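Structure at a glance
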Amino acid sequence: MHIQKMPAQSNTFRGIRSSKFRHVYGKGTRKESCYENVLITQKAHDTAACAANPKFVAIAVEVAGGGAFIVLPLDKTGRIDVNTPKVTGHAGPVLDLKWCPFNDNLIASGADDCTIKLWHIPDGGLKVNLTEPLADLQGHQRRVSIVEWHPTAENVLFSGGYDYQILVWDTRRAALMQTIDLHSDVIYSLSLNRDGSRLATTSRDKRLRIIDPRSGKLLQEGVCHEGSKACKAVYCGDTGLVFTTGFSRFSDRQYGVWDEKSLNTPLRLDTIDSSSGVLTPFYDHDTRVVFVAGKGDGNIRYYEITDSPPYCHFLSQYISGEPQRGFGVMPKRGCKVSQCEIFRFYKLYATKAICEPISMIVPRKSDQFQPDLFPDTASPTPALTAEEWFAGTTKGPVLMSMKTGMTIKTHRPLPLRPTESSSDKNADKKYAFLSMETRADYRPLEVGVKTSSSTDKDLKTSTNLDTKFQALQKLWGCNVKNLGDNKEQCSTSSSGIECEKISTKNTINKMNIKTGDSPNKLASLCMQEKEIQILDKPSPKTESELRRAYTAQCEELKLLRRQLIIKDRRIHELEDQLNKLKVPHK
């Protein structure tokens, strides 16, 4: 008997979606592991006002005048001293901070004074207040609210301001390379994709834009969220998706997933809740998880991004009783692999002067390395230079393995200022002797001994026989030994006056004055005698000696003026006599 098979019915119930990140949980730290007594700024609007890397955590703080932020080593936890050294170079409140992804000692800051400054933080933290930046980038007409480094190209920095412009900088030369002027209102956020070839921005005009950062061309544009409050966007790595947060027309908080090639309709748009705090998304490319935190909230939600509908899946949330003001994010190479930590926040409390690290951990029983949680991640090595990127080259990040379990830090020397170069420093050292005083060498020569060095010196100076040094050497070089004898006599004498007399007598004996010499020759010899006397006198060391030397010089100047006046009168008399002699007798 043949039994006919029934057609298989499609089962519409799929059950619970499996995900290795479903049980991710947030773990706060104890009080002694937090940063306490940090006067967090109240003027940072919707920006994080905090930045972290494997070496330091930087926090914008409240000061009486201007703007400042503190930089603390990660292990300097507990209560922070009020007099902790600060970075105090801005004239207005600091609005945004970003560490360079390729140099853990270099940080960029944007402030209310319309400038972006680059700072070098020494290992171990600051010992005194830092006021001189490495570079001062001036190009915005209004406050700078956003700064962002390029993810793969070295020395490329993006900045967004309240002048509705995005500026692209080459920080090595402190040069403005590109101005993107496509926005009609205040820019709320900007985010680059994995290789830095696309830029996503949101602004107060409620529009989401995809821009080519090198050429400044607008590639796509569409309405993001219809609410009047701020909306934020983050690129989902190299997936081609953009994740946004904002508000609906009825002030409900929303998130949306968009395709970078078409912004007419979202791939998914869903409501979160009805709170009023601005949401900020943070994306982890290695796990494809988006963390969403709201200003004034006490919780952090996280979603997983997929390539197929519905594109975004809610995982869970971290709940705490303290509202948050902002977050700093640790790069993946700074996370603790042994604890299965996939993300770490630095939470700034809204009501207390505390910064608390919060770790996002995937529970695993094994203590071994988990390759599915920690694939190869971006390393602190740039894939290309700024010149190559501006010339049109595009490369993905240089990857590294986290299997060693070590926190990867960079150790780079202090970069040169934009106005300096290594060739300039070498030239300064090479020609430093030009600024030094040249002193003649009057040391006695040993008779009968002629070394190779003295012979070389004679050969080198034989072409400069007309110099003043050579003339003096010819005149006095043969009697240098007598001068040494005079010094011995001076050392045995009881007063300095006798020394001067002895040296003067010997100097007169050196002149070999003959009775038949002309008056001009005698005058020149007297002038040479005075020069020798001046050289023999020791330099004054005390205030009284300086006064006496000053008085003596004044008297000598008066005497010289009188001699000049007498000389001029004598010249006029002789000219009158010549004129009388030239007149013919009648």
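Quick caveat: nothing in here was measured; it's all calculated off a predicted structure. (Residues numbered from 1 in each chain as written. Predicted model: local features only at pLDDT ≥ 70, side-chain atom pairs only at ≥ 80, totals over all residues. Heavy atoms only, no water.)

Helix and strand counts for the chain come out as 8 helices and 32 strands. Every one of the 586 residues in the chain was classed for burial, and the buried ones make up 42%. Across the chain, the fraction of contacts at a sequence separation of at least 24, relative to all contacts at a separation of at least 6, is 52%. Working note: accessible area of the chain is about 33600 Å², and carbon and sulfur atoms make up 52% of it. (Helix = DSSP H or I, 4+ residues; strand = E, 2+ residues; numbered from the N terminus. Buried < 20%, exposed > 50% of the residue type's maximum accessible area, 1.4 Å probe, protein only. Contact = heavy atoms within 4.5 Å. Areas by Shrake-Rupley, 256 points an atom, 1.4 Å probe, with all protein chains shown as cover.)

The next point concerns the layout of surface pockets. Volume-wise, the second largest pocket comes out at about 590 Å³. Of all the secondary-structure elements, those providing two or more residues to the lining of the second largest pocket are β1 (25-28), β29 (341-349) and β30 (354-361). Here the lining of the second largest pocket is built from residues that sort into 8 nonpolar, 10 polar and 9 charged. (1 Å grid on protein atoms, 1.4 Å probe; cavity = no way out; pocket = protein on both sides within 12 Å on 5 of 7 lines; lining within 4 Å. Points joined across faces, edges and corners; volume = space filled by probe spheres on them. Nonpolar A, V, L, I, M, F, W, Y, C, P; charged D, E, K, R; others polar.)

Here the bond from P309 into P310 is cis, since omega is 5°, no more than 30 degrees from zero. Residue position: P310 is located in the loop between β26 (299-305) and β27 (312-319). Backbone geometry places N37, a non-glycine residue, at a positive phi of 60°. Tracing the sequence through the fold places N37 in the loop between β2 (35-36) and β3 (50-52). Positive phi values are uncommon outside glycine, yet A49 reaches one of about 60°. Among the structural elements, A49 can be located in the loop between β2 and β3. Under the relative-accessibility criterion, A49 is labelled buried at 4%.

What follows deals with empty space enclosed by the protein. Tallied over the full model, the rule gives 2 cavities of 30 Å³ or more. Empty space within the second largest cavity amounts to approximately 50 Å³. Looking at the second largest cavity, the residues that line it are T41, K43, V61, E62, V63, G66, G67, P93 and V94. Its residues placed into classes, the lining of the second largest cavity shows 4 nonpolar, 3 polar and 2 charged.

So, about the sheet that holds strand β23 (residues 268-273). In spatial order, the strands read β20-β21-β22-β23; together these 4 strands make up an open sheet with antiparallel pairing. Edge positions in the open sheet fall to β20 (232-235) and β23, since each of these has one partner strand only. Neighbour-to-neighbour, the strand axes of this sheet turn through a mean angle of 20°, independent of strand direction. Pairing of strand β22 (residues 253-259) with β23, which is carried by 5 bridges, proceeds in the antiparallel orientation. Across the sheet, residue R253 finds its bridge partner in β23, namely D273. (Pairing = 2+ DSSP bridges. Axes fitted to C-alpha atoms, helices over the stretch in contact; angles between N-to-C directions.)

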